[in-house]
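Each chain is listed here by its residues.
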Amino acid sequence: ATAASVEEIKSKGMLVVGIQGDNAPWGFVNSSGKQDGFDADVATLFAKELGVKVQFQPLAVANRIPALTTGKVDILFATMAMTEERAKAIQYSKPYAANTISLYAAKADAVKTPADVASWEIGVPKSSSQDKAVTDAVGSTATIRRFDDDAATIQALVSGQVKAVGGNMFYGQRLDAASAGTYERKIDFLTTYNGVGTRLGEKDWNEAVNAFLDKIKGNGELAAITKKWMAIDLPKFPESIPNIPFTVK
Amino acid sequence: MGYTFDFGAVFDRAPELLWGSLGSLGLAFAGMLLALVIGILGVAARTSKIAWVRSPVIAFVEVVRNTPFLVQIFFIYFALPLMGIRLNPTVTAIIALGINGGAYAIEIIRGGVESISKGQIEAGFALGLHKADVFRLIVLKPALRAIYPSLTSQFVMLTLTTSVCTSIAAYELTSAAQRIESDTFRSFEVYFTVTAIYLVISSLMMGIFALISRSYFNYPTR
Amino acid sequence: MEGAVLTSPNDQSTLISLDKVEKWYGSFHALKNINLSVRKGEKIVLCGPSGSGKSTLIRCINALELIQDGKIVVEGQLLDGTTKAVDAIRREVGMVFQNFNLFPHMTVLQNCALAPMRVRGASRADAEKLARKYLERVRILDQAEKYPAQLSGGQQQRVAIARALCMEPKAMLFDEPTSALDPEMVKEVLDTMIGLARDGMTMICVTHEMGFARQVADRVIFMASGEIIEEAEPETFFKNPRHDRTKAFLGEILAHH
Amino acid sequence: MEGAVLTSPNDQSTLISLDKVEKWYGSFHALKNINLSVRKGEKIVLCGPSGSGKSTLIRCINALELIQDGKIVVEGQLLDGTTKAVDAIRREVGMVFQNFNLFPHMTVLQNCALAPMRVRGASRADAEKLARKYLERVRILDQAEKYPAQLSGGQQQRVAIARALCMEPKAMLFDEPTSALDPEMVKEVLDTMIGLARDGMTMICVTHEMGFARQVADRVIFMASGEIIEEAEPETFFKNPRHDRTKAFLGEILAHH
Amino acid sequence: MGPIGENELLFILQGLKWTVLLAIIGFIGGGVFGILIALVRTSKYPFARLASSGYIALFQGTPLLMQLFVVYYGVALLGIDVNASVAVAIAFTLHASAFLGEIWRGSIEAVPKGQTEAANALGLHYVSRMKDVVLPQALKISMPATIGFLVQLIKGTSLAAIVGFIELTRAGQIISNQTYRPLLVFGIVGIIYFMICWPLSHVGSGLEKRMAKAAR
Ligand SMILES: Nc1ncnc2c1ncn2[C@@H]1O[C@H](COP(=O)(O)OP(=O)(O)OP(=O)(O)O)[C@@H](O)[C@H]1O
Ligand SMILES: Nc1ncnc2c1ncn2[C@@H]1O[C@H](COP(=O)(O)OP(=O)(O)OP(=O)(O)O)[C@@H](O)[C@H]1O
Ligand SMILES: [Mg+2]
Ligand SMILES: [Mg+2]
């Protein structure tokens, strides 16, 4: 069996963290080949808390959950937006980051409400929370094109293959880098919160993470990391989210 | 370990899998047709005596056969718009499949054409037939027959290559699978089922090719 | 159905004439100063050692090979390398190869009907009627629906003859038509050719079947090293060859038979 | 080096015996009630029209084909289909094929040394010594380091004979050993075979070389349609064949030569 | 979000290292199993022939992409803890052995029947017949197709990106995600593939031509 308990990990001295490898600034492998980003910093702190070394396992968006459930990784600090469906497959911790999902399109296009994008082609990264948000909002009227990752999604907009994309709060900056002054944020769909993922029913992991998050929220360490990577203040986190338990019952 | 298999969640999405399969089949057939056209026209050019007709075809074949399909489809989808050619994912996928399969088909069919004895061609000329007629009426059919098995396996591979088209958001079986997976998180079950579907599709392809061969190449040889 | 006759032939009865023909394969001199004139209805047998240029000679007449110097005129049409001349000449001369070269993916009937349809623009019905006529002529009409692979070598060669006849050519060229055949089949093909000869067809035939040469040839031509060494009527040729080269050659082939 | 002799042969001098042998290819009856006994040192020539079963017969002796009924005994060993019997028999009889079947990726020496090493378990040195001895025997030792493709057909066939001899067999089977050769090369192979015959080797040879048959055969056997039609000493066989079938056949092959 | 500099190129080249390594692992693993498959496929036992042709049909009849997914997730389900590279190596071995097995079966059957008969007539047994006589000739016949498949395999490693393995294509994706220059990055990646595959293809078709000439 590969699914280890917290105690087993402590005695082994090594924590395997599932993380995104290509989603700057959340989690990415930097050009010197080292894992870096917001999630990497938080996970490193967590490992320090447990008193073990950390090993990062970069994952593609679509195989984050299988990697956890099959025990390939011990825990996910993998930009996991908290959704009801996912909460059926993994155990979330309390939220530790927030992310606003919006529609981005060319300045020249007049868009005020979701009705304005009916019959457009809209790009999103496959299986991401943007995918879910955009599909929920305009999936029945617009054509959703699902790409492998953020880079392909943004490229699709820049190439004109889609008229709009569902992006997170970093898309604006990236679209400007690709084509300055052409695109803007049009509609905010929702704000999602990211939680740390552990396996369902494993109380020891969930409790350890929640205790750790409470601690770094209190002592300002999370605020510092948020400032460093997002250039924003620590957002307000909700006490509960419907149908997404933060603790093992 | 205590993993319990649950194919139910996958079978609930059977309609999506069916549409995905049809999408894959559609891409495969359209891609193949284009590949065959590119292959036949390409061979005519590839075997030309005129260097500037021949060399672009050679370069085309070399580039396509020595780079991954993933990179090729990515280029058609993302780079062509920069030159003002914007194609939707389905058309892109068909063109990419056609180009990829076509490059292989050119080389395969060329092998067949070169296996036709010079005497056959001379007999055609001696009867007063012109070059195009000789190629079309005398060379092509026996040439295709000679390389039919390799063409078949190349086209079956092309069918399987449709799975890569998911990366430009074309609608086919693999993207359906990925949607279902991201909703149900039943990764193993989803991919296992889809693999089985691909096996059925490729067997179907081979069956169809065998049927075509039996009706089209039914002349006896020694 | 006559083909384009551009110039009026200087001798009304000359069908094929070669004048100082020179043929090179790269630096290899394959035909040297070939002069030959074939009258309508004449039957010529061409023989000589392997590599002497016999095939090359008849292939040049049919424009399957291009010559470097000299003139070839068929039915008044100068073979000047233009598509038009090549077409016109190929319509006037039929060719039969050593290896038959039937098209394996077509039935016997389709093999024969192909050229009339594509070259003469005949309708399928007319072309097939013509094909049946000539298949009858070589007495193989009952095999019309078979594919070449289902026939014996001798039958295949007779189909090849019928196929060439379907273009209703003025002359027929044969390149060792019996040498790929088993002994029993040689006779059936030779009989077919003798029949053709009797009917007055102009023929140039590369063969070492000396019985055939004796029986039908008006002239036997002996080639060696790309040159015409000797030409004579069969009687003279076999009984009193003038050149030593010819004598040696005849000694060899007659010893084998 | 004697091979496993399981039963003592009833006639001390019989090396190979076939008793009521029947062979079918599916529904095709290829050998019909074949009875044949070959004494040590005897030379037998097998002839007959194409498809009469000559190759099949000698391939059965060597267990390259399995028989459906009857008995084959070689040097007292009954060929009963067990690996042991097949091995024992193949060690006793060498075979030479029409198309030589030399191994193209091995030198002449390696071709000859292979079986002694792998089958008899000889060391490389011993095997090569043996190989050289038999290459010398067929007078081709100077070619030992060449590859088959570098040799003429006649030389290749002589190597094939040496290769078979290296197993030091009691008998040799030849299946049309000269028919794939150009005329000049036929003689060198026939001379080699005549030499072998003189040295007392037991031989069964499928051939239509009638000169060879006259010179060395103790018996000539004529087959047709899977049956042995006639067997006789060469003089009798050629001068006074009894059956019409034999007469017709002889008439045909002698006419060709 | 930056230019493509030395670091980025270096990162891509590290991906290249894995691409080459994966192809080599797949080729060696596939080669060993492939020979077995080819031998079983040409054996005289009908059941063994059937089983091996089923194996070939399975791995030639499904996309490599799916094989990667199923092995990647499936091996973990068996309770064996493997990292991505082992799973990918297993998948490539299975995939390659099916294709190489089929290629080599063809070339074993292309060795003239007379060769086997001559070996039989000399009393050689199966092992020696295969090892000394048939396989050396079959391998030579199969060289062009084998090299052709090696090229396919190298290109096929690009699919390992989909299970998150950082080989050449994945490295390209990561860099393109950081620099937002996908066209440039994938152009470079494409050229690198071409530079490895093209010389190989060339050797392959050269061999093919030489053999065609020898056969004439
Ligand atoms: N395409 C070619 N390129 C170079 N040399 C050629 C070519 N075709 C023929 N030759 C050479 O020209 C010479 C004449 O050849 P040709 O085929 O006319 O001889 P032939 O008299 O018909 O002999 P055979 O009796 O063997 O058919 C030969 O030496 C041959 O090698
Ligand atoms: N493997 C086979 N399957 C079916 N029929 C076969 C097979 N091998 C030979 N035959 C048939 O058995 C008959 C005898 O064949 P065999 O080769 O022994 O004749 P042969 O006397 O050696 O003739 P040739 O002189 O042509 O070599 C032929 O009619 C042949 O078609
Ligand atoms: Mg010739
Ligand atoms: Mg035989």
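By the naming in an unreviewed UniProt entry, chain E is Amino acid ABC transporter permease, taken from Rhizobium vallis. Recorded in UniProt under Sequence similarities (unreviewed entry), the annotation for chain E is "Belongs to the binding-protein-dependent transport system permease family. HisMQ subfamily."

Going by what an unreviewed UniProt entry lists, chain B is known as Amino acid ABC transporter permease and is assigned to Rhizobium vallis. One UniProt comment on chain B, placed under Sequence similarities (unreviewed entry), says "Belongs to the binding-protein-dependent transport system permease family. HisMQ subfamily."

Draft legend 1. Quick look at the site of ligand 2. Residue and element names in this part refer to chain D. Around ligand 2 sit Tyr25, Phe28, Pro49, Ser50, Gly51, Ser52, Gly53, Lys54, Ser55, Thr56 and Glu176, and those are all the residues in its vicinity. Note that an oxygen atom of ligand 2 is positioned 2.8 Å from one of the side-chain N or O atoms of Lys54. No other element matches the three residues that helix H1 (residues 54-61) contributes to the shell around ligand 2. Looking at the shell around ligand 2 residue by residue, the class counts come to three nonpolar, six polar and two charged.

Draft legend 2. Structural detail: the interface of chain E and chain B. Each partner contributes residues to the interface: chain E has 33 residues there, and chain B has 35 residues. Remark: the boundary between chain E and chain B carries five residue pairs in polar contact (both at pLDDT 80 or more). Among the elements of the structure, helix H2 (46-60), helix H3 (64-77), helix H6 (126-156) and helix H8 (182-215) of chain E are those that each provide at least two residues to the side of chain E that touches chain B. Tallied by class, the residues present in the side of chain E that touches chain B amount to 21 nonpolar, eleven polar and one charged.

Draft legend 3. Just the packing of aromatic side chains, in detail. Following the criterion strictly, the structure yields 30 aromatic pairs over all chains and no others. Geometrically, the ring pair formed by A:Phe77 and A:Tyr96 is edge-to-face, given 6.1 Å between the ring centres and 75° between the ring planes. Pair noted here: A:Phe77 is in the loop between strand S6 (75-76) and helix H4 (84-89) and A:Tyr96 is in strand S7 (residues 90-106), with a separation of 19 residues, a long-range link. Judged by relative accessible area, A:Phe77 falls into the buried class, the value being 0%. Pairwise contacts between aromatic rings join A:Trp26, A:Phe38, A:Phe46, A:Phe77, A:Tyr96, A:Phe170 and A:Phe212 into one cluster. Positioned over the ring face of A:Trp120 is A:Lys163, at 4.3 Å from the centre of the ring. The ring centre of D:Phe238 lies 4.6 Å from the NZ or CZ of D:Arg214, which sits over that ring.

Reading guide: rules and limits
- Residues numbered from 1 in each chain as written.
- Chains lettered and ligands numbered in written order.
- Predicted model: local features only at pLDDT ≥ 70, side-chain atom pairs only at ≥ 80, totals over all residues.
- Heavy atoms only, no water.
- UniProt positions renumbered as here; feature names shortened; annotations may be inferred.
- Near = heavy atom within 4 Å.
- Polar contact = N/O pair within 3.5 Å; in protein donor to acceptor, adjacent residues only side chain to side chain.
- Helix = DSSP H or I, 4+ residues; strand = E, 2+ residues; numbered from the N terminus.
- Nonpolar A, V, L, I, M, F, W, Y, C, P; charged D, E, K, R; others polar.
- Contact = heavy atoms within 4.5 Å.
- Phe/Tyr/Trp six-rings, centres within 6.5 Å; stacked < 30°, edge-to-face > 60°.
- Buried < 20%, exposed > 50% of the residue type's maximum accessible area, 1.4 Å probe, protein only.
- Lys NZ or Arg CZ within 6 Å of the ring centre and 35° of its normal.

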